[in-house]
Each structure stands twice: as C-alpha cells, then as structure tokens.
Amino acid sequence: MRGRPRITPLAALAVALLTAAACATPRDDPEASGASGRTVVPVRGCAEASWTDPADRSPDRTPARCSPGAPAPHRLTAARKLTIATGTLAAEYVAPLEVALEKGEFAKEGLDVTLKVLPTPDALPLLAKGDVDALWAAPEAAVMNGIRGGFDIRWVAGNFSPDPASRSGLWVRLRSGESAARVRLAGRSLGTMTGKGSVIAYPMERALQDHGGGLDRIRYRQLGSADVLTALRNGGVDSAWLLDPVWRTVDGDPSYAFLGGQPAGEPLGGLLYGRALLRDDVDAGVALVRAYLRTVNTYFAGAYKADPSFVTYLSHLTKIDERTLRATPSLRMDWEIRAGTTGRLQAAYAAQGATGRADPLPESRTVDRGYYEEAVGHGR
C-alpha cells in the first residue's frame, strides 16, 4: 500500500493561494496600482534628500531622509484598524514598526495597528483575501506566484540594507580540512526562515557558485526564526542565513565561515500591501507608510546605536540581548525600492525552481513606489 504523497510547504501555499482566489476579487486592470495617479503635494521637512533615483544601486548611496518628525501626521477622518503580519518581533529590522507602535506614530495618523506574528506562508493567503492588511516581509517566490495568479499584492516600501561592516548573510559550518576559501556546498543543507524561494536566493547565488553549490544543488530546510542559529550550531543544518545581530554569535569561531551577504544599498524586503490597502483604503495605506517613514527619520536616521539609552530601549522592546545589539553596526534603514530588484529576485527563484518557467513579472505588477513618494511629496 502506498503512503500519502508528501506535500511541500511551497505546494501547500500554492493550494492556499488558489483557495483565496475564490474569495478575492481580481483587479479590472492588473497593472493598476493603488497610489498611482493621486495628487502629490510638497511636504514640509522632506526636501530633495527625501528621494533618490531608483536606478542608483551604489553601495555608498545615502538613503532618503526627511527632517526628524517629518513627514508630519495627517490624521484620517475616520479611525482605521490595521493588522500587519510579521514573521518575528525579535529582530532588529522589525524595530521601526515596534517603535512606531510604542511611540504612538501610527495613532497620530488615526491608525489602530496590531502587529501579528505569522510565518509568510500563513500570512500570504490572508493578505490576498484582505484578512491581513499588510505584511512586513519580502517579495518571496510565493508572493510572485500569488501575483501571477491574479492577486493584488505589491511591495510598497523597503526596510534596510546592511552596514558595510556587517557580516549578515551566508554562514557555513566547516568540516575537517575546510576553510572559507575552500568549502564545497553542493548537496549540503541550508537553514532559512522561508525555505526555498526566499529573497536570500539572490545574494546567495554568487556565494554558492563560488563554492561549488548553485541554488539548485543544495537542500533547503525551513525553520523558525529562533531555530536557524540553533540548527547551525548543533549540526542540524550545514549552513544558514544569519541576520544582524545573530551572526555575532559565531563570528570569530574557527568552526564557521562567512561566505557573503546582501548587496549594500539594496533593500530586499519591507512592507507588502494586499487589496485592502491597494484598493479599499489607499488613504490608510499612505498614512501607514507616512508613520513608518516618520519613525525612521526621527529614531533611525543614522547611527542610532551611538545612543546607549536608545540601544537599551531597543533591547527591551525587541527582546534582543543588549550586548548583542551593541556588537553590530546600525542597520541602514531604507524605505526606498531599487529599480529591477524584483526582476533579479525572480531570476534567482527560477534558478531554484521555485517559480517554474513562467516569464518574469514586470515591475508594474510587483512594486508601487507611489505610497512613499506621496508621503514625502515627491511628484513624478
């Protein structure tokens, strides 16, 4: 008697998204985007430095910034409850959302925001149906597959890029006789929060090619955020993608080697909107982005870890050990989305076999910069 066929997480997500399709109303114009075509006016405190050319991928590009406290709140006429799903709250890149909530920046806009911890595969169908308003994650392969299936999902704001001194990225547990310059990854396992089809496929591709791997030649193991490091250290996986400040726990240990990380100056995640904020209430979508940008400009504009009291505050808020936070440089919080990023991501997903052989989606189907452009007053 045959056993039941094994259902992979990616296949299960595909089924969930197809089920959500029966409940979601597709756009009349799939190219249309929520914040496009709206009136944009100059915003006090957000001058020329509040926008950079999306084509600029220079590693030393200065992220867009407004003055502290800008853009000022523009309270909605009616209060709005919003739910933002995130894979974890115990990560530094989530801190701007947590600070915005704790400091009342969302409330100033008339937004009652709830941060809900949900893995991306669980959150995506809810985002597609409108049961979750936004997702703090990344344009993973599953997102691309959902958009290709007709869902209103757009990447509307970036999150961060690493400091040049950071070693956030691909770490491997060395075997006898191996070194950072001599390690073969083909056939070995990789632990990630998302598994196959994660945005880390893009920066990881070059590192794997340099070490005999290739995106289609390694084994992926999906793990919870708290389990990735544990699995790497106890031998449960051979390699892992470690974020700031987690990589500090293995840095300097000769048993591990750093093989490469995220490109400097290019965010690979941030806010994703579903149809609730792309269609039903664009004003609320702009307000949410505006509160996020104001939080970055006020609290995360530069080397925010230079303030010891703020590091203590972040440690308490995120539940990250204060010594660990101090051991890594400040993230470069960056709300802008670089031109072509989703195209490069899709090429990596195709190399993994995570998106099939479909033609890549154009950026007009995957990205909407209109929300943050309106928030800072940048007219096209």
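Residues numbered from 1 in each chain as written. Predicted model: local features only at pLDDT ≥ 70, side-chain atom pairs only at ≥ 80, totals over all residues. Heavy atoms only, no water.

Novice: A description of the overall build of the protein chain should follow, citing residues and the corresponding values.
Specialist: Looking only at helices and strands, one finds 14 helices and twelve strands in the protein chain. Over its C-alpha trace the protein chain gives a radius of gyration of 20 Å, about what one expects of a compact globule, namely 21 Å for 380 residues. Dimensions of the protein chain, computed from the C-alpha atoms along their principal axes, are close to 65 × 55 × 35 Å. Burial statistics for the protein chain: of 380 residues in total, 53% are counted as buried. Counting only carbon and sulfur atoms, one obtains 51% of the accessible surface of the protein chain, whose full area is about 16,400 Å². In the protein chain, which carries 46 positive and 42 negative side-chain charges, the distance between the mean positions of the two groups comes to 6 Å. (Helix = DSSP H or I, 4+ residues; strand = E, 2+ residues; numbered from the N terminus. Rg over C-alpha atoms; globule rule 2.2 N^0.38 Å. Buried < 20%, exposed > 50% of the residue type's maximum accessible area, 1.4 Å probe, protein only. Areas by Shrake-Rupley, 256 points an atom, 1.4 Å probe, with all protein chains shown as cover. Lys, Arg positive; Asp, Glu negative; His and termini not counted. Charge placed at Lys NZ, Arg CZ, Asp CG, Glu CD.)

Novice: Describe the pattern of salt bridges, naming the residues involved and giving the relevant values.
Specialist: Counted under the stated rule, the structure contains 24 salt bridges. Between D133 and R80 there is a salt bridge, and its shortest N-O distance comes to 3.8 Å. Of the two residues, D133 is situated in the loop between α4 (120–129) and β3 (134–137) and R80 in strand β1 (residues 80–86); the sequence distance between them amounts to 53 residues. By relative accessible area, D133 is classed as buried at 8%. Its salt-bridge partner being D131, residue K129 comes within 3.8 Å of it at the nearest N-O pair. The exposure class of K129 is partly exposed, given its relative accessible area of 27%. Through salt bridges with shared partners, a single ionic network connects E105, K108, E109, R290 and R294. (Salt bridge = Lys/Arg side-chain N within 4 Å of Asp/Glu carboxyl O.)

Novice: Now, about the nonpolar core: what can you tell me, with residues and values included?
Specialist: L271, Y273 and L288 are the most contacted members of the largest nonpolar core, which has 57 residues in total. No other element matches the ten residues that helix α9 (residues 282–299) contributes to this core. Not counting residues up to four positions away in its chain, the partners in contact with L271 are I84, A134, L135, W136, R154, W155, V156, A157, V289 and Y292. Within the second largest apolar cluster, 42 residues are counted, among which are L124, A128, L190 and A207. (Core = buried A, V, L, I, M, F, W, Y, C linked by side-chain atoms within 4.5 Å. Contact = heavy atoms within 4.5 Å.)

Novice: Can you explain the sheet that holds strand β8 (residues 219–222)? Please cite residues and give values.
Specialist: If you trace the five strands from one edge of the open sheet to the other, you get β8-β7-β9-β6-β10, paired in mixed fashion. Edge strands, defined here as strands with exactly one partner in the open sheet, are β8 and β10 (256–261). On average, each strand axis in the sheet is tilted by 25 degrees relative to the strand beside it, whichever way the strands run. Bridging between strand β6 (residues 169–173) and strand β9 (residues 239–242) involves four bridges; their strand directions are antiparallel. Its bridge partner lying in β9, L170 is registered against W241. Contacts between helix α6 (residues 201–210) and the sheet are confined to β6, β7 (189–192), β8, β9 and β10, with β6 contributing the most and set at about 40 degrees to the helix. (Pairing = 2+ DSSP bridges. Axes fitted to C-alpha atoms, helices over the stretch in contact; angles between N-to-C directions.)

Novice: Lay out the pairing of β3 with the relevant residues and their values.
Specialist: Side-chain direction in a regular strand flips from residue to residue, so the side chains alternate between the two faces of the sheet. Residues A134 and W136 line one face of β3 and the alternating positions L135 and A137 line the opposite face, and both faces are buried. Bridge count for β1 against β3 is three bridges, and the pairing is parallel. Counted as the bridge partner of I84 is A134 from β3. Across four bridges, the pairing between β3 and strand β11 (residues 270–273) is antiparallel.

Novice: Talk me through the packing of helix α5 (residues 141–148) against helix α12 (residues 341–352); I want residue IDs and the actual numbers.
Specialist: Taken N-terminus to C-terminus, the directions of α5 and α12 make an angle of 105 degrees; their axes are 10 Å apart at the nearest point. If you check the angle between α5 and α12, you find them roughly perpendicular. Every residue of α12 that contacts α5 at A141, M144 and R148 is listed here: T342, Q346 and Y349. Of the residues in the contact of α5 with α12, the class split is three nonpolar, two polar and one charged. (Parallel < 35°, antiparallel > 145°, perpendicular 65-115°, else oblique. Nonpolar A, V, L, I, M, F, W, Y, C, P; charged D, E, K, R; others polar.)

Novice: Outline the packing of aromatic side chains, listing residues and values.
Specialist: Taken as a whole and judged by the stated rule, the model has nine aromatic pairs. Among the aromatic residues, ring-to-ring pairing joins Y299, F300, Y304, F310 and Y313 into one connected group. Residue placement shows K103 over the ring face of Y313; its charged tip is 4.7 Å from the ring centre. (Phe/Tyr/Trp six-rings, centres within 6.5 Å; stacked < 30°, edge-to-face > 60°. Lys NZ or Arg CZ within 6 Å of the ring centre and 35° of its normal.)

Novice: Tell me about α5, and name the residues and values.
Specialist: Buried residues dominate α5, accounting for six of its eight residues. Along α5, the positions that sit buried rather than exposed are A141, A142, V143, M144, G146 and I147.

Novice: Before we move on, can you summarise the sheet that holds β11 with the specific residues and values?
Specialist: Strand pairing in a sheet relies on backbone hydrogen bonds. The paired strands run either parallel or antiparallel. Pairing is mixed across the open sheet formed by five strands, whose spatial order is β2-β1-β3-β11-β4. Edge positions in the sheet fall to β2 (111–117) and β4 (154–158), since each has one partner strand and no second. Adjacent strand axes in the sheet meet at a mean angle of 25 degrees when their direction is disregarded. Strand contacts of helix α2 (residues 95–102): β1, β2 and β3, with the helix running at about 140 degrees to β2, the strand carrying the most contacts. The sheet strands contacting α9 are β1, β2, β3, β4 and β11, and the helix crosses β11 at an angle near 175 degrees.

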